[in-house]
Amino acid sequence: MALLLVSLALTGCGAGASDSGADEKSLSAAKPAEGSAADQGYEADRAGSGGAPADAKKPSAPAPAQQHVIRTAELTVEVEDATKALATARRVTEDAGGHVANEATERIDDSHVTSRVVLRVPQASYESVLRELAGTGKLLSRKADAKDVTEQVVDVESRIASQRASVARVRELMDRATQLSDVVTLEGELSRRQADLESLLAQQASLKDRTTLATITLELTEKETAKPSEDEDRPGFLDALAGGWNALVAALAWIGIVLAALAPWLAVALAGYLLWRYVIRRRRPAPGPSAGAEERDASAD
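Cut-offs applied
- Residues numbered from 1 in each chain as written.
- Predicted model: local features only at pLDDT ≥ 70, side-chain atom pairs only at ≥ 80, totals over all residues.
- Heavy atoms only, no water.
- Helix = DSSP H or I, 4+ residues; strand = E, 2+ residues; numbered from the N terminus.
- Buried < 20%, exposed > 50% of the residue type's maximum accessible area, 1.4 Å probe, protein only.
- Contact = heavy atoms within 4.5 Å.
- Salt bridge = Lys/Arg side-chain N within 4 Å of Asp/Glu carboxyl O.
- Expected span 1.5 Å × (residues − 1).
- Patch = residues over 30% accessible without salt bridge, like charges linked within 9 Å, V, L, I, M, F, W, Y side chains within 5 Å.
- Areas by Shrake-Rupley, 256 points an atom, 1.4 Å probe, with all protein chains shown as cover.
- Pairing = 2+ DSSP bridges.
- Core = buried A, V, L, I, M, F, W, Y, C linked by side-chain atoms within 4.5 Å.
- Axes fitted to C-alpha atoms, helices over the stretch in contact; angles between N-to-C directions.
- Phe/Tyr/Trp six-rings, centres within 6.5 Å; stacked < 30°, edge-to-face > 60°.

Peer 1: Tell me about the overall build of the protein, and please be specific about residues and values.
Peer 2: A count of helices and strands for the protein gives 9 helices and 5 strands. Starting at the N terminus, the α and β elements of the protein follow one another as α-α-β-α-β-β-α-β-α-α-β-α-α-α. Taken over 301 residues, the protein has a buried fraction of 20%. Intrachain contacts of the protein at a sequence separation of at least 6 include 78% that bridge at least 24 residues.

Next up, the structure:
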């Protein structure tokens with residue numbers, strides 16, 4: 001078991017040491033031959049051209065590494081119609097081979113509309129798309145950023161290659177393992193290394209996406225409607241007259257509504273009053289003859 005773990009840990013080191021030892025042996029064996037060949041070629045060149053080397057070739061320069069850059073930009077543009085400007089932004093992005101990643105539109109105070117959209121466009125069309133988006137209206141602000149991640153991309157690719165080789169070595173050891181305990185240990189080690197490999201592959205995919213497509217955050221806003229001043233809010237003579245007339249009409253209307261609601265009650269009260277007067281008169285006694293004579297004498301006197 002211990003021997004298996006030691007071999008697992010030193011597999012890569014042993015391979016690197018053997019390769020370097022073989023390289024040193026081959027270099028030491030090739031040095032005399034190369035030296036003699038160089039001396040012979042040098043003597044032949046001196047004999048033929050008086051000491052000047054013939055057909056000297058310059059070593060070819062290594063090809064420059066591909067540059068990986070993450071580009072982002074933020075634009076704020078004031079437009080007349082945010083809906084039309086948003087449609088233009090979508091069209092420009094699709095024509096460039098990109099797509100809309102996120103979009104949010106909001107109406108503020110029922111006076112103007114604002115839209116915020118995140119666009120992903122190819123790196124080759126980044127500058128042209130920025131110019132077209134800035135030309136949709138009045139540019140209020142612009143912020144652009146470029147981050148070189150070439151070293152990070154190269155590092156991740158190197159780590160992926162090493163991790164794949166490490167996974168392959170563990171698989172080879174599993175094929176040669178005979179004891180159950182060794183198989184269990186190697187399976188745990190294989191799972192850990194595969195998880196690390198998947199994490200590296202996810203980082204590589206994320207870097208590839210961000211370096212292939214640039215991210216542009218566009219904010220479109222309409223011009224706010226001017227609020228009325230205090231002088232415009234101050235009422236005039238005609239406004240006061242119209243307001244008084246409206247108040248009078250409203251008061252008369254309410255009076256009519258109240259009278260209409262009281263009409264049944266007033267009708268019942270009037271009928272009761274008339275009935276009461278009629279009953280009281282029927283019960284009052286009629287005046288006699290003596291009362292009439294007395295009244296005449298009193299008038300004569």
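Peer 1: Please provide a residue-by-residue account of the pattern of salt bridges, values included.
Peer 2: Counting across every chain of the model gives 8 salt bridges. Residues R116 and E219 are paired through a salt bridge, measuring 3.6 Å at the closest nitrogen-oxygen approach. Of this pair, R116 sits in strand 3 (residues 112-122) while E219 sits in strand 5 (residues 213-222), and the two are 103 residues apart along the sequence. Under the relative-accessibility criterion, R116 is labelled partly exposed at 43%. Note that D209 is salt-bridged to R120, the shortest N-O span being 3.2 Å. Within this pair, whereas D209 is found in helix 6 (residues 180-212), its partner R120 is found in strand 3, the two being separated by 89 residues in sequence. The class of D209 is partly exposed, set by a relative accessible area of 35%. What you see here is one network of salt bridges that share partners, running through E189, R192, R193 and D196.

Peer 1: Please give an account of helix 6 that cites residues and values.
Peer 2: For helix 6, which comprises 33 residues, the first-to-last C-alpha distance of 47 Å matches the rise-based estimate of 48 Å (1.5 Å per residue) to within 8%. Turning to helix 6, its buried residues number three or more, namely D182, L186, E189, L190, R193, L197, L200, L207 and T211.

Peer 1: Report on a nonpolar patch on the surface, specifying residues and quantitative values.
Peer 2: Side chains of W245, L248, V249, L252, I255 and L259 sit close together on the surface and give an oily, nonpolar patch of about 610 Å² of accessible area. The topology assignment puts W245 in helix 8 (residues 237-283). A residue is classified by how much of its surface remains accessible, and W245, at 56% relative accessible area, is exposed.

Peer 1: Help me get a handle on the pairing of strand 5, residues and values and all.
Peer 2: Among the 10 residues of strand 5, 8 are classified as buried, and the element is accordingly described as predominantly covered. In terms of strand pairing, strand 1 (residues 69-79) meets strand 5 through 8 bridges, oriented parallel. Bridge pairing in strand 5 places T76 opposite E219. Bridge analysis of strand 3 against strand 5 gives 9 bridges, and the strand direction is antiparallel. What sits directly across from T114, in strand 5, is T221.

Peer 1: Explain the nonpolar core to me, and be specific about the residues and the numbers.
Peer 2: Counting residues in hydrophobic clusters, the biggest one holds 22 residues, and the most contacted among them are V129, L133, I216, L218 and L220. Of all the elements in the fold, those that place two or more residues in this core are strand 1, helix 3 (82-95), strand 3, helix 4 (126-134) and strand 5. Considering every element that reaches this core, the biggest residue donor is helix 3, with 5 residues. Ignoring sequence-local partners within four residues, the contact set of L133 consists of L75, V77, A89, L119, I216 and L218. One finds I70, V153, L197 and L200 within the second-largest nonpolar core, a separate group that totals 14 residues.

Peer 1: Go over the sheet that holds strand 4 (residues 138-148) with me, naming the residues and quoting the values.
Peer 2: As summarised here, the arrangement of the 5 strands in space is 2-3-5-1-4, forming an open sheet in which the pairing is mixed. Pairing within the sheet leaves two strands with one partner each, and these edge strands are strand 2 (99-108) and strand 4. This sheet shows a mean twist of 10 degrees between the axes of neighbouring strands, independent of strand direction. Where strand 2 meets strand 3, 9 bridges bridge the pair, whose relative direction is antiparallel. Each residue of the ladder has a partner; that of V100, found in strand 3, is L119.

Peer 1: Account for the packing of aromatic side chains, with residues named and values stated.
Peer 2: This structure, assessed with the given rule, holds 1 aromatic pair. With a centroid separation of 6.2 Å and an interplanar angle of 35 degrees, the aromatic rings of Y273 and W276 are classed as tilted. Separated by 3 residues within a single helix, Y273 and W276 lie in helix 8, roughly one turn from each other. Accessibility expressed as a relative area gives 43% for Y273, which makes it partly exposed.

Peer 1: Go over the environment of R171, please, and point to the residues and values.
Peer 2: Assignment of secondary structure puts R171 in helix 5 (residues 150-176). Note: C-alpha distance between R171 and L190 (19 residues apart in sequence) is 7.4 Å. Residues contacting R171, with those up to four places away along its chain left out, are L190 and Q194.

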